[in-house]
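Examination of the molecular architecture
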Amino acid sequence: MITVIQSPTDSDFVQNPYPFYTSARTSSPLQFWTEYDMPAAFSYEAVQALLKDRRFGREIPAEMATSGPAHLAPFLMTEAHSLLDAEPPRHTRLRRLVLRAFTSRAITALSDDIEALCHQLIDTFPDTPFDLLDTYCTQLPVIIICRLLGVPEDMASQLLKWSHDIVAMYQASRTLETEHRAAAASAEFIDFLRGYIDQRRNDPREDLITRLITAEEEGESLSTDELIATCILLLNAGHEATVHSIGNGVKCLLEHGLNPEWLKPEGIDRTVEEILRYDPPLHMFTRYAYEEIEVFGHTFQRGDQVALLLGAANRDPQGFAGAETFNPTREIKTNTAFGGGLHFCVGAPLARLEMKFALPILFERCPNLALAEPPRYSNTYHFHGLTRLMVTT
Ligand code: HEM
């Protein structure tokens, strides 16, 4: 297997990882990525195939699982009970419960709420240059996920802080300090949810926490630790990537010279998919092999890992004609921004809906929207999002 060398914290790479993806993709479907110490798939075909291959999965093989370092205990507790890191039958049980709240119908019902919130946020925009990422792109998804779960909206800024501290664990820039912060944030988040869930037991409402509490109390489908881990996963995943898909989208539209047709009702679905394809907010996930598997010319042993480069697959010319060109009029074809197979993103309908409202309303209300400074991506690979998005209206 060909070896590739690329630091994921290198500044040029962080700002524009796509040239590396292109060069890595050209020689063969799998390359050994030195810094991650594992084979990596860069092509559309290989990433799609591996996402769907049930001989690979996210849960660590039982014989490799350790209790982990003591200082990480609260963080590891949430991971251990998270559906994202589970495989069937645990995954099936947890995902089924969550999916009840994420049906297309339930999500479409949020449309009016999302639309109204976009307008309210725009009403607060100042006349001087300001950070759209903070003021708009972040607020919309975090407030909506609070409402969906049934967590008080005034917790939003606290949730953001906990979430940022926790997801930093998945970033290439992780240090010992990151670990301590993530553990502290997890402990506080768990404490808050334990108390809040207890308080909500006698106060049922029309929200996801109520449904999950009912499932837990009925005893067959959810333990208390799973209930807490699921809430944390949803509260974090419910905004982290959407914030940056809106941010990357605004950047992309401004830099490519917005064509108003792209945001009209007949064009917006394609525009949203193209933004998610062209500059997705999450670039890489990994899988464990569960048996000896020969795939794309490489033999994996049980426990070996493989990296799936979602951001690279989306730019593969074998998957998308003219893949390096941002073209919001292209026919919709499944891209890998939301993953695929068993762990396909539960929140995809919600994220798409938020983008579908956030972008047209923003450009309609702010026709002179312009960048106030060149936006830069944060050093947070495999996340791919802006540090800030300074604009004028
Ligand atoms: C544009 C925004 C989003 C992107 C790009 C995104 C991307 C992804 C990806 C790539 C995965 C699969 C990871 C893997 O296969 O290893 C995933 C899983 C997941 N996402 Fe999202 N996501 C977004 C928004 C959301 C939202 C809004 C929510 C919740 C409200 C959410 C909840 C989840 C959950 C619960 C999973 C785990 C599913 C499972 O393991 O079965 N995501 N997401």
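Throughout this description, residue numbers start from 1 for each chain and increase along the sequence as written. Only residues with pLDDT of at least 70 get local features here, since the model is predicted, and only at 80 or more are side-chain atom pairs given and counted; chain-wide, interface and lining totals rely on the full set of residues. Side-chain calculation: all heavy atoms of the structure are included, whereas hydrogens and water are not.

Going by the annotation in an unreviewed UniProt entry, the name recorded for the chain is Cytochrome P450, with Parasedimentitalea maritima given as the source organism.

Looking now at the overall build of the chain. A tally of helices and strands in the chain yields 16 helices and 13 strands. For the radius of gyration, the atom set is restricted to C-alpha positions; the globular benchmark scales as 2.2 Å times the number of residues to the power 0.38. Taking 21 Å as the expected radius of gyration for a compact globule of 393 residues, we find that the chain reaches 21 Å, a close match to that expectation. Projected onto its principal axes, the C-alpha positions of the chain cover 60 × 60 × 40 Å. Here the chain, with 393 residues, has 55% of them falling under the buried criterion. For the purposes of this entry, the term helix denotes a DSSP run of H or I that reaches at least four residues, the term strand denotes a run of E that reaches at least two, and both are numbered from the N terminus. Accessibility here uses a 1.4 Å probe with only protein chains present; expressed as a share of the type maximum, an area under 20% marks a residue as buried, one over 50% as exposed, and anything in between as partly exposed.

DSSP bridges decide pairing: two strands pair if at least two such bridges lie between them. Strand order in this open sheet of 3 strands is S5-S13-S10, and the pairing throughout is antiparallel. The open sheet is flanked by strand S5 (130-131) and strand S10 (370-371), the only strands paired with a single partner. Here S5 runs beside strand S13 (residues 390-392); their pairing, made up of 2 bridges, is antiparallel. Residue pairing across strands places Asp131 opposite Met390, the latter belonging to S13.

For a regular strand, side-chain orientation follows a simple rule: the groups alternate between the two sheet faces. Here strand S1 (residues 3-4) pairs with strand S2 (residues 30-33) via 2 bridges, running parallel. Bridging from a neighbouring strand, Val4 pairs with Trp33 of S2. Alignment of S2 against strand S3 (residues 38-41), held across 4 bridges, turns out to be antiparallel. In the sheet register, Trp33 faces S3, and the bridge partner there is Met38.

Let us look at the nonpolar core. The set of buried Ala, Val, Leu, Ile, Met, Phe, Trp, Tyr and Cys residues whose side-chain atoms join them within 4.5 Å is what this entry labels a nonpolar core. Ranked by size, the top nonpolar core spans 94 residues in total, and within it Phe102, Leu132, Tyr136 and Leu362 carry the most contacts. The biggest single contributor to this core is helix H13 (residues 224-255), with 12 residues. Contacts are assigned to residue pairs with any non-hydrogen atoms lying within 4.5 Å of each other. Setting aside residues up to four positions removed in sequence, Leu362 forms contacts with Ile122, Phe125, Leu132, Tyr136, Val250 and Leu369. Within the second largest apolar cluster, 18 residues are counted, among which are Ala41, Tyr44, Ala289 and Leu310.

One heavy atom within 4 Å of a molecule or strand is enough for the residue carrying it to be called near that molecule or strand. The immediate surroundings of the ligand are formed by 30 residues, with Arg58, His91, Arg287, His343 and Cys345 found nearest. Each polar contact in these results corresponds to two N or O atoms within 3.5 Å; when the atoms are within protein, one needs to be able to donate a hydrogen and the other to accept it, and residues that are neighboring in sequence are counted only if both atoms are side-chain atoms. Note that an oxygen atom of the ligand is positioned 2.6 Å from one of the side-chain N or O atoms of Arg58. His343 is positioned such that a nitrogen or oxygen atom in its side chain is 2.6 Å from an oxygen atom of the ligand. The set of elements that each furnish at least two residues to the shell around the ligand consists of helix H5 (90-99), H13, strand S6 (284-289) and helix H16 (348-365).

Attention now moves to the coordination of the iron atom of the ligand. Metal donors were taken as nitrogen, oxygen and sulfur atoms no farther than 2.8 Å from the ion, or 3.2 Å where the ion is Na, K or Ca. Water is excluded, so coordination may look unfinished. Inspection of the coordination sphere of the iron atom of the ligand shows a single protein donor, Cys345 (SG), at 2.2 Å. Along the chain, Cys345 turns up in the loop between helix H15 (310-313) and H16.

Before going further, it helps to spend a moment on the packing of helix H9 (residues 139-149) against H13. Two elements in contact, H9 and H13, have axes separated by 8 Å at closest approach and are oriented at 155°. On the basis of the axis angle, H9 is roughly antiparallel to H13. With respect to the hand of their crossing, H9 and H13 are arranged in right-handed fashion. Between H9, through Leu140, Pro141, Val142, Ile145 and Leu149, and H13, the contact on the second element is made entirely by Cys231, Leu234, Leu235, Gly238, His239, Thr242, Val243 and Ile246. Three residue categories are used. Nonpolar comprises Ala, Val, Leu, Ile, Met, Phe, Trp, Tyr, Cys and Pro, charged comprises Asp, Glu, Lys and Arg, and polar comprises the others, including Gly. In terms of residue class, the contact of H9 with H13 is made up of 10 nonpolar, 3 polar and no charged. Axis definition: a line fitted to C-alpha atoms, limited for helices to the stretch in contact. Angles are taken between N-to-C directions and run from 0 to 180 degrees. For classification purposes, angles smaller than 35 degrees are called roughly parallel, those larger than 145 roughly antiparallel, those between 65 and 115 roughly perpendicular, and all remaining angles oblique. We call a crossing left-handed when the near helix sits turned anticlockwise from the far one by less than a right angle, and right-handed when that turn is clockwise.

Among the secondary structure elements, Ala73 is positioned in helix H4 (residues 73-80). Classification of Ala73 by relative accessible area gives partly exposed; the value is 43%.

Moving on, we come to the side chain of His382. Mapping His382 onto the fold places it in the loop between strand S11 (376-377) and strand S12 (386-388). In terms of polar contacts, His382 uses its side chain to reach the backbone carbonyl oxygen of Met284, at 2.9 Å. The contacts of His382, once residues within four sequence positions are left out, are Tyr170, Gln171, Pro281, Leu282, His283, Met284 and Phe285.

Here the focus is unusual backbone geometry. Omega for the bond connecting Pro88 with Pro89 falls within 30 degrees of zero, at 5°, which places this linkage in the cis form. Among the secondary structure elements, Pro89 is positioned in the loop between H4 and H5. Residue His382 is reached from Tyr381 by a cis peptide bond, and omega for that bond is 15°. The backbone phi angle of Asp37 is positive, close to 55°, even though this residue is not glycine.

Just to be clear on terms, a salt bridge is a Lys or Arg side-chain nitrogen sitting within 4 Å of an Asp or Glu carboxyl oxygen. Here the structure, examined in full by the defined rule, presents 27 salt bridges. Arg352 serves as the salt-bridge partner of Glu273, at 2.7 Å between the closest nitrogen and oxygen. Taken together, the positions of Glu273 in helix H14 (residues 268-278) and Arg352 in helix H16 put the pair 79 residues apart, joining distant regions of the chain. Residue classification places Glu273 among the buried residues on the basis of a relative accessible area of 12%. Residue class for Arg352 comes out partly exposed when judged on its relative accessible area of 29%.

Let us look at helix H7 (residues 111-123). Multiplying 1.5 Å by the residue count of a helix minus one yields the expected span of that helix. Over its 13 residues, H7 runs 19 Å from end to end, which matches the ideal 18 Å to within 8%, given 1.5 Å per residue. Within H7 the residues assigned to the buried category are Ser111, Ile114, Leu117, Cys118, Leu121 and Ile122. Each buried residue of H7 lies within a common arc of 135° when the element is viewed along its axis, so the set occupies one face. Along H7, the residues that are exposed and aim more than 90 degrees away from the buried face are Asp112 and Asp123. Looking at the buried side of H7, the elements it contacts are helix H6 (104-108), helix H8 (132-137), H9 and H16. In this description, one arc is meant: the one made by directions from the helix axis to the C-beta atoms.

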